[in-house]
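Okay, here's what each chain looks like letter by letter:
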Amino acid sequence: MASTVTPRPAPRPEGRRPGYGQLLRTPGAWTFLLPGFAARQPFGMLTLSLVLLVQHTTGSYGAAGAVAAVTGTSMALAAPLAGRLTDRYGQRAVVVPSVLAHAASAALLLVLALSHAPLWALFAVAVPTGATVPQIGPMVRARWGVALKDSPLASTAAAFESVTDEATFVIGPLLATALCTAVTPAAGLVAEATLTLVGGLLFAAQRRSQPPVERAGGSRGKRASALRVPGVRVLVVAFLGVGFVFGGMQVSLAAFTEAIDRPGLNGVLYGIFAAGNMLSGLACGAIAWRAAPQARLLTGYAALGLTASALWAADSAFLLGALGLVVGVCVAPVIVTGFTLVGDMVLGARTEAFTWLSGAVALGQAGAATVAGQFEDRLWDGAGFLVPMIGVLLALVTLLAARSRLYPPPGGAGSVAVRPVA
């Protein structure tokens, strides 16, 4: 097997805090950042594109949310497996077949929806559509880990990746809404599949920056899962709550704007929410934190629970936009700190560890889309906004009860190395 050549670690700054400019000057960074940004668009476009398409063809937000939920659930369940395969065989070996299969599955789902196929057929094809979404975000984070090694820029990279993720949730919903409302309800899914395919193939072609494949020889099958690390399991629950915010907001905002006969505002309102998240993420990477990451995570999550609890009371687009902005500001510190913690906890199987968190977001998003859709169909307009509140508060209780597990002991968990977090 040909050896991989990894970029040199970024130079250690002298006398000043590391920043985004220095991070982006890391040799080879742009070769994976640009195609990676295009290929991670499913997380910003897929759920909303499906909701708008299926609601258009069936007239039901419950059905639309259910199809989106099946897609998100299969994405979440397949993500850790994709992470383990990536750690074992390399990123290119996983990305190429994934993006090809995703494009084919999305095309079939589109045809079935437009032909008014029965709901069970949409569910059946939604499974491979979600399962084949490439885990580009965790792969980019793994590439940063190789490029930076022990550089102080590692935490800056975690914040930058959170901002990049949130940029997809600004651009993706706006693009999906614009295409589905101004062109055709099918256009959002077409654009999502195209970006995934083209961006994924270009990303896979960047071999120089990908992490080296760690083969374990005869003991390869005994490699422990990153989920064996107690702190990872706690963070999975926390990120499930974040997924409830994303999924509940997407479905509920679509229903709200439809109810006030202004569907074009859907992407704008969700974009405001995501913009708050993105700006907060930028700030997280620029601040020299003195508080321990565990304390920052608990504080950020408590703030998220408080702000998410006010969404259901909003009765105007202006108030909903303002509340959404504040909720978005509270989401970013949780995501940035969570990824920073898991990167420090797990020294091996790092891609898999990242996919557990991104998969948890997808699973929470899927569950929230289902429940919020049912609430909107069966209860009052805006009842779907109860879902983010419920999901975050339940996760907060769990996080507080298990907070001691965010401090893992030194040593190993199977073949997954862990280290104490400062």
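Description of the structure in this document.

1. Looking at helix α10 (residues 230–259)
The first and last C-alpha atoms of α10 sit 44 Å apart over 30 residues, in line with the 44 Å expected at 1.5 Å per residue. Burial runs high along α10: 23 of the 30 residues are buried. One or two steps after α10, the chain reaches Asp 261, where phi turns positive at roughly 60 degrees.

2. Describing empty space enclosed by the protein
In total, this model carries three cavities of 30 Å³ or more according to the counting rule given. In this structure, the second largest cavity spans a volume of roughly 70 Å³. Taken together, Pro 42, Phe 43, Leu 46, Thr 47, Ala 68, Gly 72, Met 75, Ala 362, Gln 365 and Ala 366 make up the lining of the second largest cavity. For the lining of the second largest cavity, the secondary structure elements donating two or more residues are α3 (42–58), α4 (61–89) and α14 (350–378). Ranked by residue count, the leading element in the lining of the second largest cavity is α3, at four residues.

3. Describing α4
Taking 1.5 Å of rise per residue, the 29 residues of α4 would be expected to cover 42 Å, and the 40 Å separating its terminal C-alpha atoms lies within 8% of that figure. Buried residues dominate α4, accounting for 21 of its 29 residues. Positive backbone phi, at 105 degrees, marks Gly 90, one or two positions downstream of α4.

4. Details of a nonpolar patch on the surface
Together, Leu 81, Leu 85 and Tyr 89 make up an exposed nonpolar region whose accessible area comes to about 270 Å². With respect to the helices, strands and loops of the structure, Leu 81 is situated in helix α4.

5. Structural notes on the packing of α3 against helix α5 (residues 91–114)
Following both chains from N to C, one finds α3 and α5 inclined at 20 degrees, their axes separated by 9 Å at the closest point. It follows from the interaxial angle that α3 and α5 lie roughly parallel. Note on packing geometry: the crossing formed by α3 with α5 is left-handed. Contacts between α3 and α5 involve Leu 46, Leu 50, Leu 53 and Thr 57 from the first element and His 102, Leu 109, Leu 110, Ala 113 and Leu 114 from the second. Broken down by class, the residue content of the contact of α3 with α5 amounts to seven nonpolar, two polar and no charged.

6. Let's talk about the packing of α4 against helix α6 (residues 119–131)
For any two helices packed against each other, one specifies the inter-axial angle together with the distance between the axes. For the pair α4 and α6, the least separation of the axes is 7 Å and the interaxial angle reads 30 degrees. Considering only the axes of α4 and α6, their crossing is right-handed. Contacts from Ala 63, Ala 66, Val 67, Val 70, Thr 71, Ser 74, Met 75 and Ala 78 of α4 reach α6 at Leu 119, Leu 122, Phe 123, Ala 126, Val 127, Thr 129, Gly 130 and Ala 131. Residues of the contact of α4 with α6, tallied by class, amount to 12 nonpolar, four polar and no charged.

7. Regarding the nonpolar core
Among the nonpolar cores identified, the biggest contains 43 residues, and Tyr 301 and Val 331 are the most heavily contacted of them. The set of elements that each furnish at least two residues to this core consists of α10, α11 (265–286), α12 (293–308), α13 (317–345), α14 and α15 (386–401). Filtering out sequence-adjacent residues up to four positions away, Val 331 remains in contact with Val 242, Val 245, Phe 246, Phe 273, Asn 277 and Leu 304. Residues Tyr 61, Val 67, Leu 122 and Ala 255 belong to the second largest nonpolar core, which totals 33 residues.

8. Quick notes on unusual backbone geometry
In the Ramachandran plot, His 116 falls in the positive-phi region, its phi being about 55 degrees despite a non-glycine side chain. Structurally, His 116 is set in the loop between α5 and α6. His 116 sits in the exposed class, given a relative accessible area of 55%.

9. Focus on the packing of aromatic side chains
In the structure shown here, the tally under the stated rule is three aromatic pairs. Ring plane angle 80 degrees and centroid distance 5.4 Å describe the contact between Phe 32 and Trp 144, whose orientation is recorded as edge-to-face. One end of the pair, Phe 32, is in helix α2 (residues 29–39); the other, Trp 144, is in helix α7 (residues 136–148), with 112 residues separating them in the sequence. Take Trp 144: its relative accessible area is 3%, and that puts it in the buried class. Seen from their ring centres, Trp 144 and Phe 160 are 6.4 Å apart, and the 85 degrees between their planes marks the pair as edge-to-face. Of the two residues, Trp 144 is situated in helix α7 and Phe 160 in helix α8 (residues 154–182); the sequence distance between them amounts to 16 residues. We note that Trp 144, like Phe 160, is buried. Its end group placed over the ring of Phe 203, Arg 143 keeps NZ or CZ at 4.2 Å from the ring centre.

Conventions used here
Residues numbered from 1 in each chain as written. Predicted model: local features only at pLDDT ≥ 70, side-chain atom pairs only at ≥ 80, totals over all residues. Heavy atoms only, no water. Helix = DSSP H or I, 4+ residues; strand = E, 2+ residues; numbered from the N terminus. Expected span 1.5 Å × (residues − 1). Buried < 20%, exposed > 50% of the residue type's maximum accessible area, 1.4 Å probe, protein only. 1 Å grid on protein atoms, 1.4 Å probe; cavity = no way out; pocket = protein on both sides within 12 Å on 5 of 7 lines; lining within 4 Å. Points joined across faces, edges and corners; volume = space filled by probe spheres on them. Patch = residues over 30% accessible without salt bridge, like charges linked within 9 Å, V, L, I, M, F, W, Y side chains within 5 Å. Areas by Shrake-Rupley, 256 points an atom, 1.4 Å probe, with all protein chains shown as cover. Salt bridge = Lys/Arg side-chain N within 4 Å of Asp/Glu carboxyl O. Axes fitted to C-alpha atoms, helices over the stretch in contact; angles between N-to-C directions. Parallel < 35°, antiparallel > 145°, perpendicular 65-115°, else oblique. Left-handed = near helix turned anticlockwise from the far one by under 90°. Contact = heavy atoms within 4.5 Å. Nonpolar A, V, L, I, M, F, W, Y, C, P; charged D, E, K, R; others polar. Core = buried A, V, L, I, M, F, W, Y, C linked by side-chain atoms within 4.5 Å. Phe/Tyr/Trp six-rings, centres within 6.5 Å; stacked < 30°, edge-to-face > 60°. Lys NZ or Arg CZ within 6 Å of the ring centre and 35° of its normal.

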